[in-house]
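Each chain is listed here by its residues.
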Amino acid sequence: MDRKKRRAAMRKNSRARKKRLMTRYEKATLRWLIFCFPAGLLMMWSDRCRWKRASKCAVSLVVAALVCAILLPQTQPPARAKSGIEIVSNAPAVEKLGPVQRESDEDDYEVYLPTYVNPTSVVVIPTPSPEPIYVYYNQGGKYYHSRNCKYIKKTSELASLSACLNAGYTQCKECDAPSEDLAP
């Protein structure tokens, strides 16, 4: 009997001790909250953490307030420093200095008043470039041909007239291929 009582008392004591002390998971949760708060918050709100709901809400609010306090000042644009140059307008300012001018004195001297002049614009109209003239040629041949020539094969290649002339091809004598005068 004595043995049974002892065991029951030990069980009671161990249950009470478990309730009072933090579990290993709760200690890990607290560490994660300090060093990596997103993971700590996830661990805290899981079912394995036995904290009261009010405690979890309070911790979440504190973490949110800290994040806002850290990030909000960094998102505001920096204040601009004033420079010594201010552009008021693009028109020149005219000030009259000196005594008031009488109407009778107008003919005695000239007054130069600067005015703002818009820069003239230059309109450039491009001339249309002539369309290239295309002819056919055969690899290893000497002549270039028009589309309707009897010497055109399935393997004949298409090129511009100027490219064929530069490559050393000459006009076919049996078809109406364009002459060298039409090359740009």
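Summary of the structure given here. Numbering of residues begins from 1 in every chain and follows the order in which that chain's sequence is written. Residue-level local features of this predicted model are given only where pLDDT is at least 70; pairs of side-chain atoms are given and counted only at 80 or more, and the full residue set underlies all totals for whole chains, interfaces and linings. Hydrogens are left out, water is left out, and the side-chain values use all remaining heavy atoms of the structure.

Overview of helix H3 (residues 37-44)
- Looking at H3, one finds that the buried residues are Gly-40, Leu-41, Met-43 and Met-44. Down the axis of H3, the smallest arc covering the buried residues is 165 degrees, so these residues share one side. Burial status follows relative accessibility: with a 1.4 Å probe on protein chains alone, a residue under 20% of its type maximum counts as buried, one over 50% as exposed, and anything between as partly exposed. Here a helix means four or more residues in a row that DSSP labels H or I, a strand means two or more in a row labelled E, and each is numbered from the N terminus. In this description, the arc belongs to the directions extending from the helix axis to the C-beta atoms.

Section: the pattern of salt bridges
- What makes a salt bridge here is a side-chain nitrogen of Lys or Arg within 4 Å of a carboxyl oxygen of Asp or Glu, nothing more. Tallying each qualifying case throughout the model produces two salt bridges.
- With a shortest N-O distance of 3.8 Å, Arg-50 and Glu-26 are connected by a salt bridge. Of this pair, Arg-50 sits in the loop between H3 and helix H4 (53-75) while Glu-26 sits in helix H2 (residues 24-35); the two residues are 24 residues apart in sequence, bridging distant segments of the chain.
- You can call Glu-26 buried: its relative accessible area is 4%.
- For Lys-150, the salt bridge identified is with Glu-174, shortest N-O distance 3.1 Å. With Lys-150 in the loop between strand S2 (143-145) and strand S3 (157-160) and Glu-174 in the segment after strand S4 (170-171), the pair connects residues that are 24 residues apart, well separated along the chain. Both residues of the pair, Lys-150 and Glu-174, count as exposed.

Topic: the side chain of Ser-156
- On the secondary structure map, Ser-156 appears in the loop between S2 and S3.
- The buried category is assigned to Ser-156, whose relative accessible area is 13%.
- Distance and chemistry together define a polar contact, namely a pair of N or O atoms within 3.5 Å, with one atom able to donate a hydrogen and the other to accept it when in protein, and with adjacent residues in sequence counting only for side-chain atoms on both sides. A distance of 2.3 Å separates the side chain of Ser-156 from the side chain of Asn-138, its partner in a polar contact.
- Polar side-chain contacts of Ser-156 include one of 2.9 Å to the backbone nitrogen of Lys-153.
- Ignoring any residue separated from it by four or fewer positions in sequence, one finds Ser-156 in contact with Tyr-136, Tyr-137, Asn-138 and Tyr-151. Two residues form a contact once any of their heavy atoms are found within 4.5 Å.

Thoughts on the pairing of strand S1 (residues 134-137)
- Here S1 shows a buried face lined by Val-135 and Tyr-137 and an unburied face lined by Tyr-134 and Tyr-136.
- Note: two strands are recorded as paired if DSSP finds a minimum of 2 bridges between them. Across four bridges, the pairing between S1 and S3 is antiparallel. Each bridged residue has a counterpart across the sheet, and for Val-135 the counterpart in S3 is Ala-159.
- Of the strand pairs in this sheet, S1 and S2 are connected by two bridges, and their pairing is antiparallel.

Details of a nonpolar patch on the surface
- Patch members must show over 30% relative accessible area and no salt bridge, and they are joined within 9 Å when carrying like charges or within 5 Å when they are nonpolar side chains of Val, Leu, Ile, Met, Phe, Trp or Tyr. Each accessible area value is a Shrake-Rupley result obtained with a 1.4 Å probe; residue values ignore everything except the protein chains displayed when judging cover. Taken together, the side chains of Met-22, Leu-30, Ile-34 and Phe-35 define a hydrophobic patch exposed on the protein surface, amounting to about 450 Å² of accessible area.
- Look at Met-22 and you get partly exposed, because its relative accessible area is 37%.

Some remarks on the nonpolar core
- Counting residues in hydrophobic clusters, the biggest one holds eleven residues: Val-135, Tyr-137, Tyr-144, Cys-149, Ala-159, Leu-161, Cys-164, Tyr-169, Cys-172, Cys-175 and Ala-177.
- Broken down by secondary-structure element, the contributors of at least two residues to this core are S1 and helix H5 (161-166).
- Non-local contacts of Cys-149, meaning those with residues more than four positions away in its chain, are made with Cys-172 and Cys-175. Nine residue types can take part in a nonpolar core, namely buried Ala, Val, Leu, Ile, Met, Phe, Trp, Tyr and Cys, and a core is a set of them joined through side-chain atoms within 4.5 Å.

Describing the packing of aromatic side chains
- Each pair of aromatic rings taken from Phe, Tyr and Trp, with Trp reduced to its six-membered ring, is defined by centres within 6.5 Å and is described as stacked if the planes are under 30 degrees apart, edge-to-face if over 60, and tilted in the remaining cases. Here the structure, examined in full by the defined rule, presents one aromatic pair.
- On the basis of an interplanar angle of 50 degrees and a centroid distance of 5.0 Å, the ring pair of Tyr-137 and Tyr-169 is categorised as tilted. With Tyr-137 in strand S1 and Tyr-169 in the loop between H5 and S4, this pair connects stretches of sequence that are 32 residues apart. One exposure class covers both Tyr-137 and Tyr-169, and it is buried.

Points about the packing of H2 against H3
- Two numbers describe how H2 lies on H3: the axes approach to 6 Å, and their chain directions differ by 150 degrees. In terms of axis orientation, H2 runs roughly antiparallel to H3. As for how H2 packs across H3, the hand of that crossing is left-handed. In this structure, H2 contributes Tyr-25, Ala-28, Thr-29, Trp-32, Leu-33 and Phe-35 to the contact, and H3 contributes Phe-37, Ala-39, Gly-40, Leu-41, Met-43 and Met-44.
- Looking at the contact of H2 with H3, its residues break down into ten nonpolar, two polar and no charged. Angles here are taken between N-to-C directions and fall from 0 to 180 degrees, while the axes themselves are lines fitted to C-alpha atoms, restricted in helices to the stretch in contact. Every angle not falling under 35 degrees, over 145, or within 65 to 115 is termed oblique; those three ranges are roughly parallel, roughly antiparallel and roughly perpendicular. When the near helix sits turned anticlockwise from the far one by under a right angle, the crossing is termed left-handed; a clockwise turn instead gives a right-handed crossing. We call Asp, Glu, Lys and Arg charged. Ala, Val, Leu, Ile, Met, Phe, Trp, Tyr, Cys and Pro are nonpolar, and the rest, Gly among them, are polar.

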